[in-house]
Amino acid sequence: MKFSRGLASDETRRPPLETAGDAKESRNVAGTAQWVARQWTQLTLAQHLRALRTYRWPVVALTLLGGVGAGAFSLAQTPVYRADIQLLVSPNFPKLDITDLNDGSNYALQRVRSYAEIANSPEVATIVVDKLDLPYEPQQLMQKVSVAATAGTAVLTVEVVDPTPERARDIANAIGAELPGFISRLEEPTGLAPSPTSVTPTPSVGSRRTPSPSATPTPTGTRRTPAAGVTPSPSRAKPTPSRTGTAAGDADGIPSGPQRSPVKVQVVRQASLPSAPDSPNTPLNIGIGLLGGLGVGFVAAAGLSARDRSVRDEEHAAAIANLPLVGVVPDDRRSAPTAGLDEPGLAETFRQIRTNIHLRSAGQRLTSIMVTSAVQGEAKTTTAGNLALALAKAGESVVLVDCDLRNPSVHDFYQVPNAVGLTDVLRNEASFDSAARKWRPDLPLFVLPAGPVGGQPGEKLIEMDKLAQFMESMRQKGMLLVIDGPPILLDAEAVLLASITDATMITARLRSSRADRLATAASVLRATRANLLGVVAVRSAGNSFRSGNY
């Protein structure tokens, strides 16, 4: 198989699958990859809060901008003052008993809803404008007045808004003075004439005609017998009081007569001078602006986080790869002697990873572990180097092998020469003892760099039989191989290498590695039936994807 330097072609970059003939397996892998790749768009509550923390400064800026904008809007508005007056609608006819009182109250309650609709009329507005000499037309004044009826009561509330507090108060009081007369004029009965209060007596059939009062008096001794059914003279009949009243009035002092309104309206509370403008409410507007800005900032932060295709955190990395989380390590690019021996925190992190590897191996002794990544620049070399050091400090005889022949970097990490290495061993030009470097006399850690690479580095590694023989010889010597493998998506030999190692781990740099690439790499390795231990999350400040020599 031939390889060219630079980016590999589509055929080269596509890893050969051992189960390529199994169509069902391929469909399952593709479905899993699609399912995992969709997970990066699903944000949990914790991830929403983390998005707020990540984009906190834009959120703060939008919140302050909303508050400042609301305050500026409030200051630009003309202050408006509100004054209100209350009027009571009550029945206006004699209250003879409880039944009449109840009927009158119900009548007033029914009518008050109608008064609320018609009270703000052009007639009243014209009178008020002329009375107060207002700088408004009647229609303009009507737009500043609102009349409402309190539910379940016979109370009318008239509210007036105006830029001047004194004028708002005066308009409300003037409407309160004119509204009772306006309603009384509307309610006055029209077209009713007074009924006669007496009836002319009619003689019975066969009786003698009764002379008129102007006729000659009846002679003495002659009796005047009124006919049956004749009404007595009106001069002797007592007047019967009527509920509609009489022209003379009622004994209770209530106005009577056919022209009386059935209701009366009276002011129960005069309008007072407003002490503060009703609008704009500057503190309330600023509060609403701050909340609105915060809401916009939250939506923006969630949107940016959802559009972010990178691996957000360690839980996200494990979910994307559909693998257990082996550990979380810092991005420390210094050499292993400094990182591994002088910093207890970092050493403890890799000791925990070592423990997790033993637990994941289910009691089986692993003789080879490959550390790889989806693409270059995801801290696989530093992770492999520090893991080898942690295993060696636990008493394991460890060989750190640089199998990334396109971009070898183990020799730089451990600061050993690269004149002789793995390529020489595979070509039988050097033995393991002469190519490997024991890093420290007191630790069973050997470093096998990549060695000199010719024009086609992939061809040196594709001789899988020789590489398998080398790995078998290391197993017989009781050596544990920690392999710094090539990136899965950039080198087809990475998949073949994973198939002959006992276990494989994938590294992902948080906030930098792309979620879709991590999901694809895990799916490819899973399709080759590689023993995947899990994913190692690398905390970093961010690093863009680099193709390097791939």
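Residues numbered from 1 in each chain as written. Predicted model: local features only at pLDDT ≥ 70, side-chain atom pairs only at ≥ 80, totals over all residues. Heavy atoms only, no water.

### Some thoughts on the overall build of the protein
Next up, step 1: Counting secondary structure elements, the protein contains 20 helices and 12 strands.
Next up, step 2: Looking at the protein as a whole, 42% of its 550 residues are labelled buried.
Next up, step 3: Across the protein, the fraction of contacts at a sequence separation of at least 24, relative to all contacts at a separation of at least 6, is 80%.
Next up, step 4: If you sum the accessible surface of the protein, you get close to 28800 Å²; carbon and sulfur atoms cover 55% of it. (Helix = DSSP H or I, 4+ residues; strand = E, 2+ residues; numbered from the N terminus. Buried < 20%, exposed > 50% of the residue type's maximum accessible area, 1.4 Å probe, protein only. Contact = heavy atoms within 4.5 Å. Areas by Shrake-Rupley, 256 points an atom, 1.4 Å probe, with all protein chains shown as cover.)

### Concerning helix α13 (residues 380-393)
Next up, step 1: Helix length check: α13, at 14 residues, gives a terminal C-alpha distance of 20 Å against a target of 20 Å (1.5 Å per residue), a fit within 8%.
Next up, step 2: Along α13, 13 of the 14 residues are buried, which leaves the element largely enclosed by surrounding structure.
Next up, step 3: Positive phi appears at Gly395, one or two residues downstream of α13, with a value of about 100°. (Expected span 1.5 Å × (residues − 1).)

### Thoughts on the packing of aromatic side chains
The geometry of an aromatic ring pair is captured by two quantities: the separation of the ring centres and the angle between the planes.
Next up, step 1: With the rule as written, the count across this model stands at 4 aromatic pairs.
Next up, step 2: The interplanar angle of 75° and the centroid separation of 5.3 Å between the aromatic rings of Phe413 and Tyr414 together place this pair among those described as edge-to-face. Each member of the pair, Phe413 as well as Tyr414, carries the same accessibility label: buried.
Next up, step 3: Ring centres of Tyr414 and Trp439 lie 5.3 Å apart, and the angle between their planes is 90°; on these two criteria the pair is classed as edge-to-face. Highlighted residues: Tyr414 in helix α14 (residues 410-414) and Trp439 in strand β8 (residues 437-440), separated in sequence by 25 residues. In terms of burial, Tyr414 and Trp439 fall into one category: buried.
Next up, step 4: An aromatic cluster of three or more residues is present, and its members are Phe413, Tyr414 and Trp439. (Phe/Tyr/Trp six-rings, centres within 6.5 Å; stacked < 30°, edge-to-face > 60°.)

### Describing the nonpolar core
Next up, step 1: The biggest cluster of nonpolar side chains holds 46 residues, and the ones touching the most others in it are Val399, Val401, Leu448, Phe470, Ile483, Ile488 and Leu518.
Next up, step 2: At 7 residues, helix α20 (residues 515-527) tops the list of elements feeding residues into this core.
Next up, step 3: Not counting chain neighbours up to four residues away, the residues in contact with Val401 comprise Leu422, Leu448, Phe470, Leu481, Val482, Ile483 and Asp484. (Core = buried A, V, L, I, M, F, W, Y, C linked by side-chain atoms within 4.5 Å.)

### Quick notes on the confidence of the model for the protein
Next up, step 1: When the pLDDT values of the protein are averaged, the result is 77; 71% of them are 70 or greater.
Next up, step 2: Across residues 192-258 the pLDDT falls below 50, and counting only partners more than four positions away or on other chains, this stretch makes 38 contacts in the model. (pLDDT = per-residue confidence, 0-100.)

### Quick look at the pairing of β8
Along any regular strand, the residues point their side chains to alternate faces of the sheet.
Next up, step 1: Here β8 pairs with strand β9 (residues 443-448) via 3 bridges, running antiparallel. Of the residues in β9, the one forming a bridge with Arg440 is Leu443.
Next up, step 2: Two successive antiparallel strands, β8 and β9, enclose a turn made up of 2 residues. (Pairing = 2+ DSSP bridges.)

### As for the pairing of strand β7 (residues 398-402)
Next up, step 1: Counting buried positions over the 5 residues of β7 gives 5, a clear majority of the element.
Next up, step 2: Across the two faces of β7 the burial is the same, with Val398, Leu400 and Asp402 and Val399 and Val401 all buried.
Next up, step 3: As paired elements, β7 and β9 share 4 bridges and run parallel to each other. For Leu400, the partnering residue across the bridge sits in β9 and is Val447.
Next up, step 4: Where β7 and strand β10 (residues 480-484) come together, 5 bridges link them in parallel fashion. Counterpart to Val401 in the pairing with β10 is Ile483.

### A closer look at the sheet that holds strand β1 (residues 81-91)
Next up, step 1: Taken together, 4 strands build an open sheet; the order of strands is β2-β3-β1-β4 and the sheet is antiparallel. This sheet does not close on itself; its edge strands, each paired only once, are β2 (145-149) and β4 (263-269). The sheet shows a mean angle of 25° between the axes of neighbouring strands, direction not considered.
Next up, step 2: Lying on the sheet, helix α8 (residues 165-187) is in contact with β1, β2, β3 (155-162) and β4; it crosses β1 at an angle near 20°. (Axes fitted to C-alpha atoms, helices over the stretch in contact; angles between N-to-C directions.)

### Remarks on the side chain of Ser368
Next up, step 1: Structurally, the position occupied by Ser368 is in strand β6 (residues 368-373).
Next up, step 2: One polar contact links the side chain of Ser368 to the main-chain amide nitrogen of Asp502, over a distance of 2.8 Å.
Next up, step 3: Residue contacts for Ser368: discarding those within four places in its chain leaves Met471, Arg475, Leu480, Leu481, Ile500, Thr501, Asp502 and Ala503. (Polar contact = N/O pair within 3.5 Å; in protein donor to acceptor, adjacent residues only side chain to side chain.)

### As for empty space enclosed by the protein
Next up, step 1: For the structure shown, the criterion picks out 4 cavities of 30 Å³ or more.
Next up, step 2: What the largest cavity holds in volume is close to 60 Å³.
Next up, step 3: Lining the largest cavity are Ala119, Asn120, Ser121, Val124, Ala125, Leu141, Val145, Val147 and Ile175.
Next up, step 4: Sorting the residues of the lining of the largest cavity by element identifies α6 (122-132) and β2 as the ones contributing at least two each. (1 Å grid on protein atoms, 1.4 Å probe; cavity = no way out; pocket = protein on both sides within 12 Å on 5 of 7 lines; lining within 4 Å. Points joined across faces, edges and corners; volume = space filled by probe spheres on them.)

### Considerations on the side chain of Thr383
Next up, step 1: By the element assignment, Thr383 lies in helix α13.
Next up, step 2: The class for Thr383 is buried, based on a relative accessible area of 2%.
Next up, step 3: In contact with Thr383, other than residues within four places in its own chain, are Val329, Phe350, Val371, Thr507, Val536 and Val538.

### Observations regarding the sheet that holds β6
Next up, step 1: The 8 strands lie next to each other as β5-β12-β11-β6-β10-β7-β9-β8, forming an open sheet whose pairing is mixed. Bordering the open sheet on either side are β5 (325-330) and β8, each of which pairs with just one other strand. Ignoring strand direction, the axes of neighbouring strands in this sheet form an average angle of 25°.
Next up, step 2: Note: β6 against β10, 4 bridges, orientation parallel. Within β10, the residue paired with Met370 across the bridge is Ile483.
Next up, step 3: On the sheet, helix α18 (residues 464-476) packs against β6, β7, β9 and β10 and is oriented at approximately 145° with respect to β10.

### Regarding the pattern of salt bridges
Next up, step 1: A complete count under the given rule lists 19 salt bridges for this structure.
Next up, step 2: The salt bridge partner of Glu314 is Arg539, with a shortest N-O separation of 3.0 Å. Taken together, the residues Glu314 in helix α10 (residues 314-321) and Arg539 in strand β12 (residues 532-539) connect sequence positions 225 residues apart.
Next up, step 3: Since its relative accessible area comes to 45%, Arg539 is described here as partly exposed.
Next up, step 4: Three or more residues are tied together by salt bridges with common partners; here these are Arg82, Glu159 and Asp278. (Salt bridge = Lys/Arg side-chain N within 4 Å of Asp/Glu carboxyl O.)

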